[in-house]
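Commentary on secondary and tertiary structure
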Amino acid sequence: MVARTYTVAFEGIEAKIVEVQCAVSPGLPSFSIVGLADKAVSEARDRVRSALNALSIAMPSKRITINLSPADMPKEGSHFDLPIALSLLAALDILPREDVQNTVALGELSLDGTLIPVIGTLPAALAAAEEDCSLLCPAACGPEAAWVDATRVLGAPSLHACVQHFNGQSPLQTAVPGEVQRAPHAKCLRDVKGQERAKRALEIAAAGRHHLLLVGTPGSGKSMLAARLPGILPPLIPEEALETSMIHSLAGLLDEGGISRERPFRTPHHTASMAAIVGGGRGAKPGEISLAHNGVLFMDEFPEYPRAVLETLRQPIETGDVVVARANAHVKYPCKFMLVAAANPCRCGYMTDPGRACARAPSCGDDYMGKISGPLMDRFDLRIDVPPVAFTDLDLPANGESSDDISARVAAARDIQSARLAAFPEMRVNADIEGELLKEVATPDAEGAALLTRAAEHYSLSARSYHRILRVARTIADLAGSDQVRSNHVAEAVSYRVAA
C-alpha cells in the first residue's frame, strides 16, 4: 500500500505540484529516494531519520522507497523534507493517509524535528489553491503563504506539531497574512539643490515607467537624484504586489511574511556578473532585472559594466520578461522594470566642465560613452545632462517641490493611465502601450505631429525612438491633465530624447 502527499518543485516563479509516494515493503533495510532528486533532496533521508528518532519513532527494518513524481522533473531544495516525512508516517499508519493525501507540504527538518523556514511558500500556496488542497509549511512561513486566501494555510513549528494535528490531538491554527510593510521615505527631492530639469525628468519617468539616463560630472547629484526616486513612485497595486512578492519569495527576500507595497529599488554594483543581473547560476535563480519587476533598476557607473552584461538588457527591456536557458534549466521570469542609469561623460568625468576640461576631449568621451551600444542607447526614453552645482548654491536653504508634492502628480497620472488601459490587463502604464493603441491614444495635434516629423527627419530617429517619444509625450500630457497630446508636450519629449 502506497501512501501519498504532495509538495512543489519550482520552475521560475511557477510552483509545479509533485506527488510524494512512499512504499514500505519487505526486504533488506534501506531508505532510497528516486525521481531526479538533487543532493539536498537525497540528504533528506538522514534528516527525516533523525527527526523521527527525536519523536521516539523507530524506523522499520524494511525497504523504504520514496518516489517523487513526475520522475523526469528536476527536484531541488530542502523543502522536500516535510512531505517525505509525512508520507513515511502515513505509510507506517501513524498518520491518517487520507488527510495527508489532501495536503501540500513543504519545509526543512532540523535533526530534532523543528521545521526550518524555506523559500517559495507564496507560489506554493497558489499551487495548493489550484489543487484545492491545504498548505502545510513552517510556522515562520505561514504569514507569507496566507496572503493567498484561496487555500487554508497551516504553519507548524515542528514535525511533532504536524503529527498532533493530523491525529486530532492539537489542531494547528490557520495562519494569518503578515503585515503590509511601508518603508518611510526619508530622502526628499527638496534636498537636491538646483537640477530642476533632472527633477522634471524623474517625475516623467516615474509617471510612465520610462527608462532614464543621467549623464554628468562626478558629484553633480546623479546618484542623489536616483536615490530619491522611490519617494515619488506610487505604491504597488495588489496584482503588482503579488507578482513582485512571488519573485522575492523565491529569492528569500520577504521579511517575516510581510508583503511590501513599496516598489523594488535594486542597485547592483558594476562588477555584477551576467547571471546576477539577468538570472542564472545554480537553479537558474532570478536576477536583478526580475527582482526589480514593477520597480526600478538603478545602474550607477553604467559604462563600467561589462559590455556583455549591458547587451543582455536589450531584449528584456523590449519584451518585459527574460528566459534563462541553461543546460539543466529553462525558466521564464517577468522583468518589467524602469531602468535608471547614471554615467560620467568620460573616464575622468570632467569633459563637460570648462574649468577642468579633459585634455583628451572629445575622443575621451566618445570612447567612454561608446561602451554603450547604439541599440541600447536607443532604448532610453529620457536622456538628461546633469551639470555641476556651484558650491555657493549648496548653502542656500532647501527650495522647490517636495517628493510628496511630485508623488501626488505621479499618482494622478498613473490613475489616468489605469483608467485608459482598464480593458488591457497586460498594459498598466504608458511604457507598455504599442501598436494601434499607441496611435489611438498618443497621436498629437496637427502642430505637434508636424513638430515630431521635423524632429524625426532632423535627428534621423529610428522607429523605436519615434514611438518612445510618443509614449513620453502621452505621459507629459497626463501629468498636465490633458486629453490631447499637444505640440508643447511633443517638444518637451523630443528635448529629452536628444539631450545627451
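All values reported here derive from a predicted model rather than from experimental measurement. (Residues numbered from 1 in each chain as written. Predicted model: local features only at pLDDT ≥ 70, side-chain atom pairs only at ≥ 80, totals over all residues. Heavy atoms only, no water.)

1. A few points about the overall build of the protein chain
What counts, and what does not: Under the scheme used here, helices are H or I runs from DSSP no shorter than 4 residues and strands are E runs no shorter than 2 residues, and both carry numbers assigned from the N terminus. In this analysis, two residues are considered to be in contact whenever any of their non-hydrogen atoms come within 4.5 Å of each other. For the purpose of counting charges, residues Lys and Arg are taken to be positive, whereas Asp and Glu are taken to be negative. His and the chain ends are not included. Positions of charges follow a simple convention, taking NZ of Lys, CZ of Arg, CG of Asp or CD of Glu.
Looking only at helices and strands, the protein chain has 21 helices and 20 strands in total. Looking at the protein chain alone, contacts between residues at least 24 apart form 73% of all its contacts between residues at least 6 apart. The centroid of the 49 positive side-chain charges in the protein chain is displaced by 4 Å from the centroid of its 59 negative side-chain charges.

2. Some thoughts on the pairing of strand S4 (residues 63-69)
Rules: Each residue gets one of three labels from its accessible area relative to the maximum for its type: buried under 20%, exposed over 50%, partly exposed in between, using a 1.4 Å probe on protein chains only. Being paired, for any two strands, means DSSP has found at least two bridges between them.
Taking every second residue as pointing to the same face, the buried face of S4 carries Ile64, Ile66 and Leu68, while none of Arg63, Thr65, Asn67 and Ser69 on the other face is buried. Here seven bridges tie strand S2 (residues 14-25) to S4, and the two strands are oriented antiparallel to one another. If you follow Val20 over to S4, its bridge partner there is Leu68. Of the strand pairs in this sheet, strand S3 (residues 30-34) and S4 are connected by five bridges, and their pairing is parallel. Among the inter-strand pairings, Val34 is bridged to a residue of S4, identified as Asn67.

3. Topic: the confidence of the model for the protein chain
Which entries qualify depends on this criterion: A residue's pLDDT is simply how confident the predictor is in it, with values from 0 to 100.
With 95% of its residues at a pLDDT of at least 70, the protein chain reaches an overall mean of 91. Confidence, read as mean pLDDT per element, is least for strand S10 (residues 180-181) in the protein chain (68) and greatest for strand S16 (residues 296-299) (98).

4. Things to note about the nonpolar core
The condition that has to hold: Side-chain atoms within 4.5 Å are what join buried Ala, Val, Leu, Ile, Met, Phe, Trp, Tyr and Cys residues into a set we call a nonpolar core.
Counting residues in each nonpolar core, the largest one holds 50 residues, and the members touching the most others are Leu212, Leu229, Val340 and Ile384. Of all hydrophobic cores here, the second largest spans 40 residues; its members include Ala51, Leu68, Ala161 and Leu172.

5. Points about the packing of helix H2 (residues 44-54) against helix H3 (residues 81-91)
The test is simple: Inter-axis angles, ranging from 0 to 180 degrees, are taken between N-to-C directions of lines fitted to C-alpha atoms, where helices are fitted over the stretch in contact. Here roughly perpendicular refers to angles of 65 to 115 degrees, roughly parallel to angles under 35, roughly antiparallel to angles over 145, and oblique to all remaining angles. For a crossing to be left-handed, the near helix must be turned anticlockwise from the far one by less than a right angle; the clockwise case is right-handed. Gly falls in the polar group here, along with every residue not listed as nonpolar (Ala, Val, Leu, Ile, Met, Phe, Trp, Tyr, Cys, Pro) or charged (Asp, Glu, Lys, Arg).
Running from N to C, H2 and H3 cross one another at 55 degrees; their axes reach a closest spacing of 10 Å. By the angle between their directions, the pair H2 and H3 is classed as oblique. Crossing geometry of H2 relative to H3 is assigned as right-handed. Listed contacts from H3 to Ala44, Arg47, Val48 and Leu52 of H2 are Asp81, Ile84, Ala85, Leu88 and Leu89. Tallied by class, residues from the contact of H2 with H3 come to seven nonpolar, no polar and two charged.

6. A short note on the environment of Glu318
With respect to the element layout, Glu318 can be found in helix H14 (residues 314-319). As for Glu318 and Arg379, which are separated by 61 residues in sequence, their C-alpha atoms are 8.2 Å apart.

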